[in-house]
Structures are given as structure tokens and as C-alpha cells.
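# Residue-level structure breakdown
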There are 2 protein chains.
Amino acid sequence: MNQVNSMKEKISPRVIERLTKYLRCLESMSPDDYISSEEMAEKMGLTAAQIRKDLSNFISEFGEGFGVRGKGYQVRILYSGIERILGVHKTNNIIIVGAGRLGSALLSEPEFTKESFNVIGIFDSAEHKVGREMSGLKIRNITELDYFLETKDRVDIAILTVPKVAAQEMADKLTAAGVKSLLNFAPLKIKVPENVVVANIDLYAKLQELNYWKEKMV
Amino acid sequence: MNQVNSMKEKISPRVIERLTKYLRCLESMSPDDYISSEEMAEKMGLTAAQIRKDLSNFISEFGEGFGVRGKGYQVRILYSGIERILGVHKTNNIIIVGAGRLGSALLSEPEFTKESFNVIGIFDSAEHKVGREMSGLKIRNITELDYFLETKDRVDIAILTVPKVAAQEMADKLTAAGVKSLLNFAPLKIKVPENVVVANIDLYAKLQELNYWKEKMV
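Presented here is an overview of the structure given in this document.

About the criteria used
Throughout this description, residue numbers start from 1 for each chain and increase along the sequence as written. As they are written, the chains are lettered A onward and the ligands numbered 1 onward, keeping that order. For a predicted model such as this one, the threshold for reporting local features is a pLDDT of at least 70, and the threshold for listing and counting side-chain atom pairs is 80 or more; totals across whole chains, interfaces and linings nevertheless cover every residue. Excluded from the side-chain calculations are hydrogens and water; all other atoms, namely the structure's heavy atoms, are used. Only DSSP runs of H or I reaching four residues or more are called helices, and only runs of E reaching two or more are called strands; each is numbered from the N terminus. Classification of residues uses two cut-offs on accessible area relative to the type maximum, computed with a 1.4 Å probe and protein chains only: under 20% is buried, over 50% is exposed, and between them is partly exposed. Contacts were defined at the residue level, with two residues in contact if any of their heavy atoms lie within 4.5 Å. Exposure was quantified through the Shrake-Rupley algorithm and a 1.4 Å probe, taking into account, for residues, occlusion by the shown protein chains and nothing else. When charges are counted, Lys and Arg are positive and Asp and Glu negative, with His and the chain ends excluded. In plain terms, the charge of a residue is placed at NZ if it is Lys, CZ if Arg, CG if Asp and CD if Glu. Superposition of the copies used a least-squares fit over C-alpha atoms from residues whose pLDDT is at least 70 in both. For two strands to be treated as a pair, DSSP must find no fewer than two bridges joining them. The handedness of a crossover follows from its direction of travel: if, with the strands pointing away from the viewer, the path from the first strand over the helix to the second runs clockwise, the crossover is right-handed. Buried area adds together the accessible area that both of two parts lose upon being put together, with accessible area traced by a 1.4 Å probe. Salt bridges are identified by distance alone: a Lys or Arg side-chain nitrogen within 4 Å of an Asp or Glu carboxyl oxygen. Think of a polar contact as two N or O atoms within 3.5 Å of one another; within protein, one of them needs to be a possible hydrogen donor and the other a possible acceptor, and neighboring residues in sequence only count if both atoms come from side chains. Amino acid classes used here: Ala, Val, Leu, Ile, Met, Phe, Trp, Tyr, Cys and Pro are nonpolar; Asp, Glu, Lys and Arg are charged; the rest, including Gly, are polar. Under this scheme, a helix contributes an axis fitted over its contacting stretch, all axes are lines through C-alpha atoms, and angles between N-to-C directions fall in the 0 to 180 degree range.

### Quick word on the overall build of chain A
The number of helices and strands found in chain A is nine helices and 10 strands. Projected onto its principal axes, the C-alpha coordinates of chain A cover approximately 60 × 45 × 35 Å. Burial statistics for chain A: of 218 residues in total, 54% are counted as buried. Residue pairs at least 24 apart in sequence account for 58% of intrachain contacts in chain A once pairs closer than 6 positions are excluded. Surface exposure of chain A reaches about 10100 Å², of which carbon and sulfur atoms provide 49%. Positive and negative charge centroids in chain A, built from 30 and 29 side chains respectively, lie 3 Å apart.

Next up, the structure:
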């Protein structure tokens, strides 16, 4: 998360990142199972103390005493508590801006069939793409964005899959239209107003990191 | 980076993550320019002390006195030093495993036209895809992987773009064939031997994080 300026609270981005990993870890378990912080730590390569500390930030979401002595946390309670913390217990509306190969790949992601994120629109600025269908959605002209936001459901997150040269301009259009949250795939740091949050997925940077670590492996 | 067990040294993954961001920051500048740690800190939302500390881990890559008092670092020297640290001053070979929409999108990424990463093969297990062309590369059967690794250039990184259900099996095949470094797009934690490094790009987890932060914005 590269911009968390205007926050109401002081939770570290790393805590929220780990919460998403706890969900992934719990997904493979039965809801009725119990898991201790030690078992989770072992699975995740973290310490049990770290996990307990992370969860203690949100004790009111779980209810006191949600950990059972000698058994640990019930998977169902832990999972649904983290879902509430992240706001993914309800449906959040997404638009994809950039109807290229990456936009198309994301639109067909099986994860989007889950209830918590729902793609309600896909936009592009290329006239020849506008009006075509992509995974059942009609590609809209980016010029329709204001009208779309006024007349359709709330947009919670916009995913930017446009080329690098277009990313800042599209981000400007989105934030001017009132979108408060962007997931940017373009390999640059986009500038946004203080009350807008941006996350980046930078493939090339991930490859650079991996490239460093592979040289360090024995 | 979720597995950095067998390392020769003790640099934090966060340091390496920031180095990739420093490169992005420097990309937009002229090589002859100078930038101080204060100016970089301002651009990146970090502290100057953090940047100086990160760079001081690698002082031998830059040469002592590479910062000029009153001017800062020369962009060219800083950039090429970080490239050497990350091993991206030379060409690294990549294969993509999974010739679906995401694999296709990555293959057409303009960033891959840079010299530091070169896609030398794309693999799939679906018979009807094998032999087709994708961005100029012939899709190979995953069963050819061993032969490919024995007869072709070294593979530095394999990018996994297969569905979740196939990811662990493909990772097993890759590591058995000697691949030491995986970038996994499937939404699960894959298990690998201790001497293999894995990085994950988890779209859904990023959306969950964003979803948390957007609620906290004023």
C-alpha cells in the first residue's frame, strides 16, 4: 500500500497484508476445526506471538475469549472475523479500466466469481474496443465514466490495466469522478489526492526481487 | 517473498522490495542528475535515514563516497548499482507455465522487451494448446520440460500462471527439473524445497487489503 496518509487509525499495512495470508491459510481447513496460533505460525513461517499480536488489534471483531484454551481458534470464527475486518463479508463493486489482454485475464479470474468482489464494468479509451463484449460485460468508453458512476452502483475499487503512458491520466479521471481506491498494474507510481488509496502490482519489480533472492539460495 | 530460508546473508526482504522501488523512482530522471536521500524520501514517502540505511547494506556495489556532499547520488551510479545488486544488469531467462489468458497477457508485457528478463519458453499441459504460437513463441508440452532444461539455456525464473488446482503439481515438476525460483500467480501458498525461492502475486489478497484501507480514508 503506497498511500495511507489520511487514515483514521494506526494499523500497519503489514498487519493487513498478513490478515489476507491468514485467510488463505484457513481456506484449506474445515470451518469446524480449531487451529492454534502455534499451528498457524508453523504453516506460515511466522511466530505465534506475531499472529496473536496481529489479531489482538481487532479483538472486538472476534469477541473476547474467541480463542479456546488448549484448542485454539475455531476456523469459522477466525475466518469470518477477518472477513469482516477486511470488509469482504459483503459484496464490493469493481471496475476494470483497460480492456487489453491483462484486463481480459483478470475479468476471467475464477476468484471473481466469489461473492465479495463483483466486476460491474470494464472501460477502455480505444474506440474500436468500445461496445464489444468481454466475459459477458460490454466494454464502455472511458468518457462514460461520470455517467456510469452517477447512475450505477457505487464503485469500490478500480483496477487499472492500461499501459504505463496512460496510467496517470486514467487515474486522474477516476479520482476526479470520485473513485477512492485504485489497484494499479502499470509500472509507475501514480499520484493521487490524499483521500485516495492506491495499491500496486508490479510484475517487473517482483521479478527483480526474486532475481536477487535466487542468487542467495544455497 | 515467502521463503528465504537457505540464505547466505541476512538482508530483510523489505530492503530488496524498496530497492525495486528506488529503481522505479530513478527511471523518470536523467542519468546525469543528482538526487539526495532527502529528495528521494520525499518522492517515495519514506525517510532519508531509511534510504541511506538500505543503500549502506551494499556500499561495495556502489564504491565508497558515491554520494557527493551537497549534491547527493548521481542517478546513473545509483541506478546501475541497484541493477547489479538485483542481478538485472544482465539477461535472466524466464519460462511461463500456463498458456491461458494471464500467461498470454504477461507474454505481451512491454516490460519484457527490456534486456534484463527474456521469456525463452511457454508451457501448458493442455494438448490442444501445445504447438500453437503465442507472441512468437511455440507453446510446449509441460512433459518436454526436462528435455528443454537439459538442452536450452538456463532458466532463472518460472512464472506460474496455471489455475489454483494445478499450481502445486506444476511447482513440483518445475522444482524436480531444477528450477530454483518461482513467481506464483495462483491464490495458494505452494510448498517447495528449502533451496527454492517463491514469490506470490495474489490479486485477490491485494483487493482485500485495498478494501480495508478504503474504509479508513477520511
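The structure having been displayed, the exposition proceeds.
### Here's the deal with the relation of the copies chain B and chain A
Expressed as a screw operation, the relation of chain B to chain A combines 0.0 Å of axial shift with a rotation of 180 degrees, fitting to an RMSD of 0.0 Å. Such values leave the two copies arranged in the relation of a two-fold axis. Both copies share a contact surface, since 100% of the interface residues of chain B are interface residues in chain A too.

### Looking at the pairing of strand S8 (residues 157–160) of chain B
Residue and element names in this part refer to chain B. Neither face of S8 is open: one carries Ile157 and Ile159, the other Ala158 and Leu160, and all of them are buried. With four bridges connecting them, strand S4 (residues 92–97) and S8 associate as parallel partners. Among the inter-strand pairings, Ile96 is bridged to a residue of S8, identified as Ile159. Two strands pair when backbone bridges link them, and S8 and strand S9 (residues 181–184) are joined in this way by three bridges, in the parallel orientation. Looking at S9, one finds that Ile159 is bridged to Leu183. Taken together, S8, helix H8 (residues 164–176) and S9 constitute a β-α-β crossover, and its handedness is right-handed.

### Looking at the interface of chain B and chain A
Every contact between the two is made by 75 residues of chain B and, on the other side, 75 residues of chain A. Taking both sides of the interface into account, the surface hidden between chain B and chain A amounts to around 6700 Å²; carbon and sulfur atoms contribute 65%. Looking only at chain B, the three residues that lose the most surface to chain A are B:Tyr204, B:Tyr212 and B:Trp213, adding up to 12% of its buried area. Inspection of the chain B/chain A interface yields 10 salt bridges. Put simply, chain B and chain A have 14 residue pairs in polar contact (both at pLDDT 80 or more) between them. The element that contributes the greatest number of residues to the side of chain B that touches chain A is helix H9 (residues 203–216) of chain B, accounting for 14 residues. Within the side of chain B that touches chain A, the residues separate by chemical class into 39 nonpolar, 14 polar and 22 charged.

### Quick look at the sheet that holds strand S6 (residues 133–134) of chain A
All names here are of chain A. Strand order in the open sheet formed by seven strands is S6-S7-S5-S4-S8-S9-S10, and the pairing between neighbours is mixed. Since the sheet does not close on itself, it has two edges, and those belong to S6 and strand S10 (197–200), each with one partner. Where S6 meets strand S7 (residues 137–141), two bridges bridge the pair, whose relative direction is antiparallel. For Glu133, the partnering residue across the bridge sits in S7 and is Lys138. The strands that helix H8 (residues 164–176) touches are strand S4 (92–97), strand S8 (157–160) and strand S9 (181–184); relative to S8, the one it contacts most, it runs at about 165 degrees.

### Observations concerning the pairing of strand S5 (residues 117–124) of chain A
All names here are of chain A. Burial analysis of S5 places seven of its eight residues in the buried class, the great majority of the element. Where S4 lies against S5, six bridges are found, and the strand directions are parallel. Within S5, the residue paired with Ile94 across the bridge is Val119. Looking at chain direction, S5 and S7 are connected through three bridges and run parallel. In the strand pairing of S7, Phe123 is matched with Arg140.

### Here's the deal with the environment of B:Gly81
All names here are of chain B. Inspection of the secondary structure assignment puts Gly81 in helix H5 (residues 75–86). A relative accessible area of 0% places Gly81 in the buried class. Residues Gly81 and Ser60 lie 21 residues apart in sequence; the distance between their C-alpha atoms is 9.3 Å. Discounting residues that sit within four places of it in the chain, Gly81 has contacts with Glu61 and Phe62.

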